[in-house]
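An overview of the molecular structure
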Amino acid sequence: MAFNFDEGIDRRHSDSSKWNKFGDDVLPMWVADMDFRSPPCILEALHQRVDHGVFGYGIRPQELVDVVVERMASRYQWQIKPEWIVFLPGIVAGLNLSVRAFTTPEETTIAPTPIYPPFRKSSAFAGRPQLNVPLRLENSRWVLDLQAVESQLTGKEKLLMLCNPQNPGGTVYTREELEQQLAFAQRHDMIVCSDEIHCDLLLEPGAKHIPFATLSADAQQRSITLLSPSKTFNIAGLGASLAIIPDAQLRKQFNTVRDGIVPSVDVLALTAAAAAWRDGEPWLQELLPYLRHNRDTLVSAVNAMPGLKMTSPQATYLGWVDASALPVENPTLFFQKAGLGFSPGADFGEAKFVRINFGCTSATLEEAIKRMDAAVRKVL
């Protein structure tokens with residue numbers, strides 16, 4: 001291997017929110033932030049930019065625009081125009097802007113449940129009601145049950161918020177499933193905001209990411225696609241993200257709501273993003289088998305533990321663990337007392353689940369599994 005993913009990097013004595021959330025006796029495996037050093041190409045690009053020594057206001061980076069256009073064409077045969085790209089300091093900003101730009105306080109958003117917490121919070125912060133579409137487990141994959149909410153629709157639903165690959169379930173939706181989502185949006189005349197931040201982290205052989213906007217001309221014109229290199233290349237703290245909005249009127253609405261509230265992306269973040277998407281592929285191709293091995297190790301271990309169940313995620317480095325059979329009231333607190341800092345399932349809409357970040361060294365994962373196994377066997 002050209003890159004050492006087994007390298008243990010001490011993050012407890014840095015500015016890491018992940019590693020400073022708990023005490024020294026707790027392994028933090030919660031927020032979607034990997035413990036691996038970012039690709040050398042990113043570090044080199046940042047060093048060059050820092051050596052320049054001037055950090056004034058930046059402009060829209062043509063190099064990054066070109067990289068994004070080329071990446072969409074080469075990976076997905078999606079021919080996007082430069083003017084469709086809106087740079088953002090984070091995907092969460094894109095979720096919040098979409099809710100405020102495309103709904104009124106009287107109108108409703110629709111989002112899956114369980115789901116990445118900002119999907120829920122974005123509607124709550126804007127004072128919009130939200131209808132949640134349940135995920136059901138089908139052939140070991142978490143899929144949307146859109147039929148479950150059809151009878152609840154009132155006509156005030158204006159924004160369908162999707163997440164593909166799905167967080168926390170790890171599902172990579174098939175073309176047929178995406179077309180069902182599109183048909184739902186068409187029937188009810190809804191705009192679609194699709195968070196596709198984990199699209200490069202495909203772990204299951206044969207899984208293929210299909211951007212929602214590429215389904216048809218209609219899908220493209222009713223969509224906002226949110227993307228970022230942050231999860232893939234472990235640069236979340238640099239905050240470079242983007243929205244691809246093909247429809248000029250939707251783009252105008254989005255930017256109007258953004259003006260004066262959401263700042264531009266800083267120059268170092270843009271530098272890192274360009275380097276990641278331009279030169280980071282060799283690093284990514286070695287990361288994926290490492291994550292796949294961690295996934296398989298965790299899935300096997302969890303399903304051998306009494307009281308726990310875990311479906312193997314097709315993508316992401318996040319494990320969604322069903323702890324409902326444990327005789328404990330709060331699984332998150334239970335594991336925290338055992339020295340494990342997991343994400344609370346309640347934040348995603350399922351209080352009896354926990355989300356585990358396995359984007360860590362194999363040694364860290366092995367220690368976590370030992371602590372989990374010891375904890376559950378004490379109560380069962």
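Below is a short write-up of the structure. (Residues numbered from 1 in each chain as written. Predicted model: local features only at pLDDT ≥ 70, side-chain atom pairs only at ≥ 80, totals over all residues. Heavy atoms only, no water.)

As for the state of the cysteines
Definition in use: When two cysteine sulfur atoms lie within 2.5 Å, the pair is treated as a disulfide. Under the scheme applied here, a residue whose accessible area is under 20% of the maximum for its type counts as buried, over 50% as exposed, and between as partly exposed, the area being computed with a 1.4 Å probe on protein chains only.
Counting across every chain of the model gives 0 disulfides. C163 forms no disulfide, and the closest cysteine sulfur to it belongs to C193, at a distance of 9.8 Å. Residue classification places C163 among the buried positions, given a relative accessible area of 3%. Judged by its relative accessible area of 0%, C193 falls in the buried class.

Thoughts on the environment of I356
To keep it simple, the criterion reads: Numbering goes from the N terminus for both helices and strands, where a helix is a DSSP run of H or I of at least four residues and a strand is a run of E of at least two. Note on definitions: a residue-residue contact is assigned when non-hydrogen atoms from the two residues lie within 4.5 Å.
Structurally, I356 is set in strand β13 (residues 353–357). As for I356 and A32, which are separated by 324 residues in sequence, their C-alpha atoms are 9.1 Å apart. Residue contacts for I356: discarding those within four places in its chain leaves M29, L298, Y317, L318, G319, V321, F342 and M372.

Overview of the pairing of strand β7 (residues 191–195)
For a regular strand, side-chain orientation follows a simple rule: the groups alternate between the two sheet faces. For clarity, the cut-off: Here, any two strands with at least 2 DSSP bridges between them count as paired. A crossover gets the label right-handed when its path from the first strand over the helix to the second runs clockwise, viewed with the strands pointing away from the viewer.
With 5 of its 5 residues buried, β7 lies for the most part within the structure. Across the two faces of β7 the burial is the same, with I191, C193 and D195 and V192 and S194 all buried. Here 5 bridges tie strand β6 (residues 157–163) to β7, and the two strands are oriented parallel to one another. Note that in β7 the partner of L159 across the bridge is I191. Taken together, β6, helix α7 (residues 175–187) and β7 form a β-α-β motif whose crossover is right-handed. Strand direction decides the pairing type here: β7 and strand β8 (residues 223–227), joined by 4 bridges, are parallel. Bridging from a neighbouring strand, V192 pairs with S223 of β8.

Quick notes on the nonpolar core
Just so we agree on the cut-off: Working definition of a nonpolar core: buried Ala, Val, Leu, Ile, Met, Phe, Trp, Tyr and Cys residues. They are joined through side-chain atoms within 4.5 Å.
With 75 residues, the main nonpolar core has I42, L287, L308, F335 and M372 as its most contacted residues. Top contributing element to this core by residue count: helix α11 (residues 281–303), with 10 residues. The contact partners of L287, leaving out residues within four places of it in the chain, are F5, M34, F36, L201 and T232. Within the second largest apolar cluster, 26 residues are counted, among which are I91, M161, I197 and V262.

Comments concerning the sheet that holds strand β1 (residues 27–29)
What links the strands of a sheet is backbone hydrogen bonding, and the strands pair in either a parallel or an antiparallel sense. Short version of the rule: Every axis corresponds to a line fitted to the C-alpha atoms, with the helix fit spanning only the stretch in contact, and the corresponding angles, defined between N-to-C directions, vary from 0 to 180 degrees.
Reading across from one edge, β1-β12-β13-β11-β10 is the order of the 5 strands in this open sheet, with mixed pairing throughout. Only two strands of the sheet have a single partner each, and these edge strands are β1 and β10 (309–310). Pairing between β1 and strand β12 (residues 340–344): 3 bridges, direction parallel. Considered in β12, the bridge of P28 is made with G341. Contacts from helix α13 (residues 362–379) reach β1, β12 and β13, with the element oriented near 105° to β1.

As for the packing of helix α4 (residues 91–102) against helix α9 (residues 248–258)
Operational definition: Reported orientations rely on four angle classes, namely roughly parallel under 35 degrees, roughly antiparallel over 145, roughly perpendicular from 65 to 115, and oblique for the rest. Under the scheme applied, nonpolar residues are Ala, Val, Leu, Ile, Met, Phe, Trp, Tyr, Cys and Pro; charged residues are Asp, Glu, Lys and Arg; polar residues are all the others, including Gly.
Viewed as axis vectors pointing N to C, α4 and α9 meet at an angle of 110°, and their least axial separation amounts to 9 Å. The pairing of α4 with α9 is recorded here as roughly perpendicular in orientation. Contacts from G94, L97, S98, R100, A101 and F102 of α4 reach α9 at L250, Q253, F254, V257 and R258. Looking at the contact of α4 with α9 residue by residue, the classes come out as 6 nonpolar, 3 polar and 2 charged.

Comments concerning unusual backbone geometry
Following N164, the chain continues to P165 via a peptide bond in cis, the omega torsion being -5°. Despite not being glycine, S140 shows a phi value in the positive range, around 65°. Here S140 shows up in the loop between β4 (130–138) and β5 (141–144). For S140, a relative accessible area of 51% translates into the label exposed. In this structure, N234 is a non-glycine residue whose phi angle is positive, near 55°. Counting through the fold element by element, N234 comes out in the loop between β8 and β9 (241–244). Residue N234 is classed as buried on the basis of its relative accessible area, which comes to 14%.

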